[in-house]
Amino acid sequence: MEFLLGGASSMCAVLFTNPFDVLKTRQQLEGELIAKQNLKERAYKGIRQSVLTVVRTDGLRGLQKGLPAALLYQFSMNGVRLGTYQTAENLGWTKSTSNPSLTPLLSVFWGGCAGLASATASCPFYVVKTQLQAVTSGSYTARFQHHHRGTLSAFANIYKQSGVRGLFRGYSATLVRLVVGSSAQMSSFSACKEFFLRYQVFQESIVLTALASSTVAGFLTSVLMSPCDVVTTRMTNQAVSPNGKGLLYTNIFDCFLKIYRSEGIHGYYKGFVPMYLRVAPHTMLNLTFWEFFKGLHERYGKH
């Protein structure tokens, strides 16, 4: 039940935040391995211009590109992640009764373990989601686009070309991204919730506590996860050879190095604003829905 509640809450959240994910993906792929001063035209500069570009080239529906894959990704990723963390919390593994100072470290550790499990479960859906979001009918500065007809077609095409390995393209980057993000999000969310519950106004409202706690968790997650997120998007969307090998990046270290050499530190934070606008509300909505669903389960599930 913990896994189902986590997955359902994230699917509710992604309905509102997927447009920002599309903008983030487009910005992260624009000017790939091109120095900022050499990038003459930018179609996705800033939120306003990015939205206008997507609507102009793909219509309003373009803002929800890859939504079916995004729903599957969120269900598999957060279902496993939140379910694993909640199970560890229920078993008392995230708190140390003998040494309270170890509790934050235990929260980070189990948040990381939850991220590890979720990365493995959700990687194929992330690959499909990213490749679908990157495709546009207009002029575009991405180095490569995978032209899939839809979600099922994307799975079939990737498997046909590269086998199971293709569905786990960029797995190492996905792993680092989710371990870092999950550790930051879950540990900060738990710590903030514990802090806010000291005050009566928060004790009276589960939703208010979840909103306040997830606002802080979303900010920390965005700052720490952005470089890993850019690398994951780049590795996932890169062109591949006939035998399924990536043509731009051989591994996560190669990707980090090439981005730094070509684009500098700035390259690691491409798409940061839409990422924050996605992660912060998604964290708020996801964890708020999660707390709400858990409350309903506790209230009615036992009857």
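Note that the coordinates shown come from a computational prediction; the quantities given were computed from them, not determined experimentally. (Residues numbered from 1 in each chain as written. Predicted model: local features only at pLDDT ≥ 70, side-chain atom pairs only at ≥ 80, totals over all residues. Heavy atoms only, no water.)

Student: Would you take a moment to explain the environment of L39 for this structure?
Tutor: Looking at the element boundaries, L39 is found in the loop between helix 1 (2-29) and helix 2 (46-58). Accessibility expressed as a relative area gives 17% for L39, which makes it buried. Discounting residues that sit within four places of it in the chain, L39 has contacts with G31 and I34. (Helix = DSSP H or I, 4+ residues; strand = E, 2+ residues; numbered from the N terminus. Buried < 20%, exposed > 50% of the residue type's maximum accessible area, 1.4 Å probe, protein only. Contact = heavy atoms within 4.5 Å.)

Student: Just to check I follow, could you spell out a nonpolar patch on the surface for this structure?
Tutor: Where nonpolar side chains cluster on the molecular surface, the patch consists of V216, F219, L220, V223 and L224 and spans about 390 Å² of accessible area. One can find L220 in helix 9 (residues 206-237). Overall, L220 belongs to the partly exposed group, its relative accessible area being 36%. (Patch = residues over 30% accessible without salt bridge, like charges linked within 9 Å, V, L, I, M, F, W, Y side chains within 5 Å. Areas by Shrake-Rupley, 256 points an atom, 1.4 Å probe, with all protein chains shown as cover. Salt bridge = Lys/Arg side-chain N within 4 Å of Asp/Glu carboxyl O.)

Student: Help me out: how do you make sense of the packing of aromatic side chains in this one?
Tutor: The way to describe two aromatic rings as a pair is by their centre distance and the angle between their planes. This structure, assessed with the given rule, holds 10 aromatic pairs. Ring centres 6.0 Å apart and planes at 70° place the aromatic pair F168 and Y171 in the edge-to-face group. The class for Y171 is partly exposed, based on a relative accessible area of 26%. Judged by centre distance (5.5 Å) and plane angle (55°), the ring pair of F256 and Y268 falls under tilted. (Phe/Tyr/Trp six-rings, centres within 6.5 Å; stacked < 30°, edge-to-face > 60°.)

Student: Just checking my understanding: could you explain the side chain of R177 for this structure?
Tutor: With respect to the helices and strands, the residue R177 is situated in helix 7 (residues 171-196). For R177, a relative accessible area of 3% translates into the label buried. Leave out the neighbours within four places in its chain, and R177 touches Y73, Y126, M225, C228, D229, T232 and R278.

Student: Explain the confidence of the model for the protein here, please?
Tutor: Regions with low pLDDT should not have their predicted coordinates read in detail. Considering every residue of the protein, the mean pLDDT works out to 86; 96% of them sit at 70 or more. Ranking the elements of the protein by mean pLDDT puts helix 12 (residues 272-300) last, at 77, and helix 10 (residues 252-263) first, at 95. (pLDDT = per-residue confidence, 0-100.)

Student: How should I be thinking about the packing of helix 9 against helix 10 in this particular structure?
Tutor: A pair of packed helices is captured by two measures, namely the crossing angle of their axes and the spacing between those axes. Interaxial distance between helix 9 and helix 10 falls to 10 Å at its minimum, and their mutual angle equals 105°. Taken as axis vectors, helix 9 and helix 10 run roughly perpendicular relative to one another. In this structure, helix 9 contributes P227, C228, V230, V231, R234 and M235 to the contact, and helix 10 contributes I252, C255, F256, I259 and E263. Taken together, the residues of the contact of helix 9 with helix 10 sort by class into 9 nonpolar, no polar and 2 charged. (Axes fitted to C-alpha atoms, helices over the stretch in contact; angles between N-to-C directions. Parallel < 35°, antiparallel > 145°, perpendicular 65-115°, else oblique. Nonpolar A, V, L, I, M, F, W, Y, C, P; charged D, E, K, R; others polar.)

Student: What is the right way to look at the state of the cysteines in this model?
Tutor: A covalent bond between the sulfur atoms of two cysteines is what we call a disulfide. Overall, the coordinates contain 0 disulfides when judged by the stated rule. With no disulfide of its own, C113 has C228 as its nearest cysteine by sulfur position, at a separation of 17 Å. C228 takes part in no disulfide bond, and the closest cysteine sulfur, belonging to C255, lies 11 Å away. You can call C228 buried: its relative accessible area is 10%. (Disulfide = S-S within 2.5 Å.)

Student: In this structure, what is going on with the side chain of K270? I would like to understand it.
Tutor: Within the fold, K270 resides in the loop between helix 11 (265-268) and helix 12. In terms of polar contacts, K270 uses its side chain to reach the backbone carbonyl oxygen of E30, at 2.8 Å. Ignoring any residue separated from it by four or fewer positions in sequence, one finds K270 in contact with Q27, Q28, E30, G31, V230, R234 and E263. (Polar contact = N/O pair within 3.5 Å; in protein donor to acceptor, adjacent residues only side chain to side chain.)

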